[in-house]
Every structure is written in C-alpha cells, then in structure tokens.
Amino acid sequence: EAAVTQSPRNKVTVTGGNVTLSCRQTNSHNYMYWYRQDTGHGLRLIHYSYGAGNLQIGDVPDGYKATRTTQEDFFLLLELASPSQTSLYFCASSGDWGTSAETLYFGSGTRLTVL
Amino acid sequence: GEQVEQLPSILRVQEGSSASINCSYEDSASNYFPWYKQEPGENPKLIIDIRSNMERKQIQELIVLLDKKAKRFSLHITDTQPGDSAMYFCAASGPSGSWQLIFGSGTQLTVMP
C-alpha cells in the first residue's frame, strides 16, 4: 500500500507558538494535500500541491502556510498558532487526476493542541 | 467553496440489516465520487468510488448509486456486520480544473449485535 508518513504524531503548543507539521510520501505521487478533521465538519482542505514548488489554496487556508520542497515532502506551517487550530491534521497524496489514480492515501495524522 | 452535504451524521443499525448514507453536491461538473471509511484511531481509507459515467457500482456488500440529475449519491451497506462500525465520508471532485476532493461531514455508523 502507498506510504505517507507524518510527524510528529502529537504536538502541544501555546497560543502564538510556531509549529511545523511534516509529511513525506514515497509513492511517487504528484499531488499532496493537507486536511484538518474536526467533529461536525469532516475533512477540510487547507492547502494542496502539484509537485515541488507548487502550492494551491484550499477551503480553509487562513492562518496556515505550506511548502512543497520536493516531490516527497510537504510541510504545513502555523506561524502564530491559535486555539481554533486545535485539530487532527491529515496529509495525503494521490496520483494524477483523470487517470483512475485519484485515490487519496492518508498518513496517520498529527493531533495538534494549542493551549 | 463547493459544499458536499452528508446525512445522517449518526446511524445505528442492527447487525444483518442495511445501512444507507446519502450525499448531495453542488457542482454539476463533479465527475468522481469516492467513499472513505475511517476506523477509530485510524486514517481514512478508500472503500468504493463511482464516476459520472456510471449510475451504480457494487463491491461485495457495498453499493453506490449516483443520480447526476439530482446531484446526489449514496452508499448502501447490505448485511451489516460489527466490523462495518466506523466513520464514513463521502466526497466529490472539486471545481472543474482543480485537483481536489470536497468531503462531506461524515456519518458515524454503529452496527449493534
């Protein structure tokens, strides 16, 4: 099965803190995504990317930056964390759209708590 | 942005009965509709999907129906088992030209013995 690895698994920070969530995929996928999961809201897309250096804005981007440094690595940055960003964050990767390879493969998630 | 509405949010059924989850989408250009299952403490995993050139797809006990006119699709689990208890998410492909999925808010299914 496709491999997506997230780190850390858990993170606690304080309001105003600086947090970086990391994601690496070894599937040779072009597309990578950051979602947050909150009860009652499902999975909401924060940022996504097609290839190194590419960045697209998702549905809930406010307060988040992202950077795709290589095909494998996608980072989510919270530069001034707020309690509203307490959530479960999932990274995912997929193959090319329109090629029957759109399946999203999710990492194990990072639980972030902002005090 | 585009919304995908998913109902019900909570579903409890008796073992052996059927469970149905319904979703609706807004963008008539959406052409890909996957369903993901998330077990407690796990990540979401694809269980079945359907494309806009189909109306019905079945994999074992899972049936997906798509009504493009009404912009609705649904998941039916026949002969439910306790192992089917999980969170289920429907999704629809995003606006034309984007490479993203828009997820519904999820259905927590509990199959009671």
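Here's a quick rundown of the structure. Remember, predicted model here, so these are calculated numbers, not experimental data.

### What to know about the overall build of chain A
Along chain A, the regular secondary structure elements total zero helices and 11 strands. Starting at the N terminus and walking to the C terminus, you meet the elements of chain A as β-β-β-β-β-β-β-β-β-β-β. For 115 residues, the compact-globule formula gives about 13 Å, and the C-alpha radius of gyration of chain A, at 13 Å, lands near that figure. Referenced to the eigenvectors of the C-alpha coordinate spread, the extents of chain A come out at roughly 40 × 30 × 25 Å. When the 115 residues of chain A are sorted by exposure, 49% land in the buried category. Contacts in chain A between residues at least 24 apart in sequence constitute 54% of all its contacts with a sequence separation of at least 6. Summed over all atoms, the accessible surface of chain A reaches about 5,100 Å², with 49% contributed by carbon and sulfur. Computing the positive centroid from 8 side-chain charges and the negative centroid from 9, chain A places the two 9 Å apart.

### Details of the layout of surface pockets
By volume, the largest pocket amounts to about 540 Å³. Lining the largest pocket we find 27 residues, and of these Gln37(A), Thr39(A), Leu88(A), Arg111(A) and Gln38(B) sit closest to its centre. Of all the secondary structure elements, the ones that give two or more residues to the lining of the largest pocket are strand 4 (31-38), strand 9 (87-94) and strand 11 (110-114) of chain A together with strand 9 (86-93) of chain B. Looking at the lining of the largest pocket, its residues break down into seven nonpolar, 15 polar and five charged. Quantified by volume, the second largest pocket comes out at close to 280 Å³. In terms of lining residues, the second largest pocket is bounded by 18 residues, among which His41(A), Arg44(A), Glu2(B), Gln3(B) and Phe103(B) are the most central. Across the lining of the second largest pocket, the residue classes tally to eight nonpolar, six polar and four charged.

### A word on the pairing of strand 7 (residues 65-68) of chain A
Residues and elements named next belong to chain A. With burial as the criterion, only one face of strand 7 is covered, namely that bearing Ala66 and Arg68; the residues Lys65 and Thr67 on the opposite face remain uncovered. Bridging between strand 7 and strand 8 (residues 73-78) involves four bridges; their strand directions are antiparallel. From the neighbouring strand, Thr67 faces strand 8, where its bridge partner is Phe75. Joining the antiparallel neighbours strand 7 and strand 8 is a turn of four residues.

### What about the sheet that holds strand 1 (residues 4-7) of chain B?
All names here are of chain B. Taken in spatial order, the five strands make up an open sheet running 1-3-8-7-6, and their pairing is antiparallel. Looking at the sheet topology across the chains shown, the edges are occupied by strand 1 and strand 6 (56-59). Averaged over all neighbouring strand pairs, the angle between strand axes comes to 15°, with direction disregarded. Relative to strand 3 (residues 19-25), strand 1 is paired through four bridges, and the arrangement is antiparallel. Directly across from Val4, in strand 3, lies its bridge partner Tyr25.

### Examining the interface of chain B and chain A
In this assembly, 19 residues from chain B lie in contact with 24 residues from chain A. In total, about 1,800 Å² of surface goes out of reach between chain B and chain A, with carbon and sulfur atoms giving 58% of it. For chain B, the biggest contributors to the area lost against chain A are Trp99(B), Gln100(B) and Phe103(B); these three give 36% of the whole. Summed over the shared surface of chain B and chain A, the result is one salt bridge. Residue Glu102(A) pairs with Arg51(B) through a salt bridge whose shortest N-O separation is 2.8 Å. In this assembly, chain B and chain A are joined by seven residue pairs in polar contact (both at pLDDT 80 or more). For the side of chain B that touches chain A, the secondary-structure elements that each account for two or more residues are strand 4 (32-38), strand 5 (45-51), strand 9 and strand 10 (101-103) of chain B. A breakdown of the residues in the side of chain B that touches chain A according to their chemical character gives nine nonpolar, seven polar and three charged.

Cut-offs and rules
Along every chain, residues carry numbers that run from 1 in the direction the sequence is written. To label them, take the chains in the order written and letter them from A, then take the ligands in the order written and number them from 1. Predicted model: local features are reported for residues with pLDDT of at least 70 only, side-chain atom pairs are reported and counted for 80 or more only, and whole-chain, interface and lining totals are derived from all residues. Each side-chain value is derived from all of the structure's non-hydrogen atoms; neither hydrogens nor water enter the calculation. Helix and strand assignments follow DSSP, with helices taken as H or I runs no shorter than four residues and strands as E runs no shorter than two, numbered in order from the N terminus. Here the radius of gyration uses the C-alpha set of atoms, whereas the globule reference equals 2.2 Å times the residue count to the power 0.38. Exposure categories follow from relative accessible area, calculated using a 1.4 Å probe and restricted to protein chains: below 20% of the type maximum is buried, above 50% is exposed, and the middle band is partly exposed. Here, residues are in contact when the closest pair of their heavy atoms is within 4.5 Å. Per-residue and other accessible areas follow the Shrake-Rupley method at a 1.4 Å probe size, with only the shown protein chains counted as cover for residues. Charge counting follows a simple rule: Lys and Arg are positive, Asp and Glu are negative, and His as well as the terminal groups are ignored. Charged side chains are reduced to one point each, which is NZ for Lys, CZ for Arg, CG for Asp and CD for Glu. Lining residues are defined by having an atom within 4 Å of a point belonging to a cavity or pocket. Those points lie on a 1 Å grid over the protein atoms alone, cavities being sets where a 1.4 Å probe fits but cannot get out and pockets being open sets with protein on both sides within 12 Å along at least five of seven lines. Grid points are joined across faces, edges and corners, and a volume is the space filled by probe spheres set on the points. Each residue gets one of three labels, nonpolar for Ala, Val, Leu, Ile, Met, Phe, Trp, Tyr, Cys and Pro, charged for Asp, Glu, Lys and Arg, and polar for the others, Gly among them. Pairing between strands is defined by DSSP: at least two bridges between the two strands are required. A fitted line through C-alpha atoms represents every axis, and for helices the fit uses only the stretch in contact; the resulting angles, taken between N-to-C directions, go from 0 to 180 degrees. In this description, buried area is defined as the sum, over both parts, of the accessible area (probe of 1.4 Å) that is lost when the two are combined. A pair is scored as a salt bridge if a Lys or Arg side-chain nitrogen falls within 4 Å of a carboxyl oxygen belonging to Asp or Glu. Between N or O atoms, a polar contact is any pair within 3.5 Å; within protein, one atom must be a potential hydrogen donor and the other a potential acceptor, and residues adjacent in sequence are included only when both atoms are from side chains.

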